[in-house]
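Residues per chain are reported as follows:
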Amino acid sequence: MKHVSPWAWVPSLYFAEGLPYVAVMVVSVLMYKRLGLSNTDIAFYTSWLNLPWVIKPFWSPFVDMLKTKRWWVISMQLLIGAGLGCVALTIPTTFFVKATLCVFWLLAFSSATHDIAADGFYMLALDSHDQAFFVGIRSTFYRFAVIAGQGLLVMFAGYLETKTGKIPLAWSISFFILCGLFLLLYLWHRFILPIPDSDRPSAIVTPKTVFREFFTTFVTFFQKEQAVVAILFILLYRFPEAQLTKLVTPFLIDPRSVGGLGLTTSQVGLVYGTIGVIGLVLGGIIGGICASKGGLKKWIWPMALAITLPDAVFIYLSGALPMNLLIINICVFIEQFGYGFGFTAYMLYLIYYSRGLHSTAHYAICTAFMALGLMLPGMIAGWIEEKLGYYNFFWWVMISCIITLVITAFLKIDPEFGKKKKTA
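(A) Spotlight on the overall build of the chain. Of the regular secondary structure elements, the chain holds 17 helices and zero strands. Its C-alpha radius of gyration of 21 Å places the chain within 12% of the 22 Å reference for a compact globule of 424 residues. Out of the 424 residues belonging to the chain, those deemed buried represent 61%. If you take every contact in the chain between residues at least 6 apart in sequence, the share linking residues at least 24 apart comes to 85%. With the model as given, the accessible surface of the chain reaches about 17,000 Å², and the carbon-plus-sulfur share is 72%.

(B) How the structure looks around empty space enclosed by the protein. Taken as a whole and assessed by the stated rule, the structure comprises two cavities of 30 Å³ or more. Here the largest cavity is characterised by a volume of approximately 660 Å³. Taken together, 36 residues form the lining of the largest cavity, with Tyr21, Tyr142, Arg143, Arg238 and Tyr339 sitting closest to its centre. Mapped by element, the contributors of at least two residues to the lining of the largest cavity are α1 (6-34), α6 (96-125), α7 (128-164), α11 (239-253), α12 (265-294), α15 (325-354) and α16 (359-388). The biggest single contributor to the lining of the largest cavity is α1, with seven residues. Here the residues of the lining of the largest cavity sort into 20 nonpolar, seven polar and nine charged. Approximately 30 Å³ is the volume attributed to the second largest cavity.

(C) Region of the structure containing the pattern of salt bridges. What the rule picks out here adds up to three salt bridges. In this structure, Lys33 engages Asp254 in a salt bridge whose closest nitrogen and oxygen atoms are separated by 3.0 Å. One end of the pair, Lys33, is in helix α1; the other, Asp254, is in the loop between α11 and α12, and 221 residues separate them in sequence. On the basis of relative accessibility, which here comes to 16%, the residue Lys33 falls in the buried class. Linking Arg138 and Asp119 is a salt bridge whose minimum nitrogen-to-oxygen distance equals 3.9 Å. Highlighted residues: Arg138 in helix α7 and Asp119 in helix α6, separated in sequence by 19 residues. The two residues Arg138 and Asp119 agree in class, both being buried.

(D) Representation of helix α14 (residues 313-320) within the structure. Buried within α14 are the following residues: Val313, Phe314, Ile315, Leu317 and Ser318. Just past α14, the residue Leu321 takes up positive phi, approximately 45°.

Thresholds, definitions, all that
- Residues numbered from 1 in each chain as written.
- Predicted model: local features only at pLDDT ≥ 70, side-chain atom pairs only at ≥ 80, totals over all residues.
- Heavy atoms only, no water.
- Helix = DSSP H or I, 4+ residues; strand = E, 2+ residues; numbered from the N terminus.
- Rg over C-alpha atoms; globule rule 2.2 N^0.38 Å.
- Buried < 20%, exposed > 50% of the residue type's maximum accessible area, 1.4 Å probe, protein only.
- Contact = heavy atoms within 4.5 Å.
- Areas by Shrake-Rupley, 256 points an atom, 1.4 Å probe, with all protein chains shown as cover.
- 1 Å grid on protein atoms, 1.4 Å probe; cavity = no way out; pocket = protein on both sides within 12 Å on 5 of 7 lines; lining within 4 Å.
- Points joined across faces, edges and corners; volume = space filled by probe spheres on them.
- Nonpolar A, V, L, I, M, F, W, Y, C, P; charged D, E, K, R; others polar.
- Salt bridge = Lys/Arg side-chain N within 4 Å of Asp/Glu carboxyl O.

Right, here's the structure in full:
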């Protein structure tokens with residue numbers, strides 16, 4: 001394999017992985033809120049968009065067997081760019097809800113396939129130490145995608161809303177810009193991604209071998225040590241965050257008369273899409289450094305506490321309803337820093353559990369359970385909030401953090417996993 005520095009492609013690859021996901025799962029929430037949908041409808045519809053990530057293990061063996069991971073990465077990036085353009089075209093229509101949801105659905109399938117290939121490529125192109133070291137970097141640039149989508153893009157959409165007075169037009173133009181950015185990423189990766197010697201399609205592909213590989217992949221996944229605990233951990237570690245994420249944007253947008261903060265679209269882009277993500281990025285970088293020095297086992301509890309306890313800032317925000325934008329930014333920064341730090345442990349555990357044969361497919365199964373863990377709580381989060389109100393809903397989220405801490409207590413992790421290997 002011709003050597004290409006991981007710094008040349010890991011950041012941009014995970015920026016490209018994050019961009020369609022944030023468009024489908026995060027930016028769509030704000031867009032639908034601005035276009036007049038209720039919290040219950042927004043949470044329900046956008047949670048269903050998680051389904052492609054839930055069921056992606058059913059086609060992950062094909063990604064393993066057909067073509068190379070590099071081919072899948074590049075092909076899906078071209079398809080995703082086209083999909084973002086289609087979203088832009090359908091927003092101004094009178095049937096925009098059905099149209100955009102259909103396109104988002106197809107975009108989600110393309111993005112989920114890209115995730116399978118990109119994560120598999122990451123494990124093939126890097127050794128175990130580099131995997132541990134760059135887990136923080138890849139999470140960081142994934143979050144930069146959030147800044148670009150949820151922050152800068154949203155701020156730009158807010159500017160266009162004010163400038164043109166036409167909300168659908170503002171979001172249509174914003175998605176066209178997102179389309180152009182993604183096509184540039186496609187061109188970059190087409191030429192810069194390395195070609196690992198181990199990145200090869202299966203030599204023999206027949207219906208029989210595909211079925212056998214598919215069956216073997218699933219059986220061996222559930223035969224791993226602590227399989228039940230691992231699955232429960234993957235499903236429940238982010239249980240509080242799965243609910244919180246769906247309602248933060250509506251909470252920031254809704255007027256104070258219904259318990260929200262009453263921010264404008266541009267202010268939401270600043271608070272949650274830039275300042276908040278900066279906290280997320282810093283937490284991810286520090287988390288990756290800590291994990292590479294002390295190992296996952298040493299840092300699992302500090303990270304579990306970090307991803308749960310800062311959720312309490314939303315209890316304060318929904319109770320006090322501060323008007324000072326600086327206070328709101330500080331609170332969101334604290335919560336997102338904790339999430340970034342704690343999420344590092346989660347992603348590293350997925351890599352830990354996926355080790356061995358069929359690592360790409362097993363990692364895809366892990367991320368499918370992760371998506372299911374986000375989808376199911378997210379579907380009912382809007383309904384819970386409308387029954388309880390924002391203040392009591394955030395108390396419920398805080399109580400839910402107990403589930404994260406309980407399941408973490410049952411994990412068994414090799415103390416050496418993630419540590420930098422000593423050289424002679």
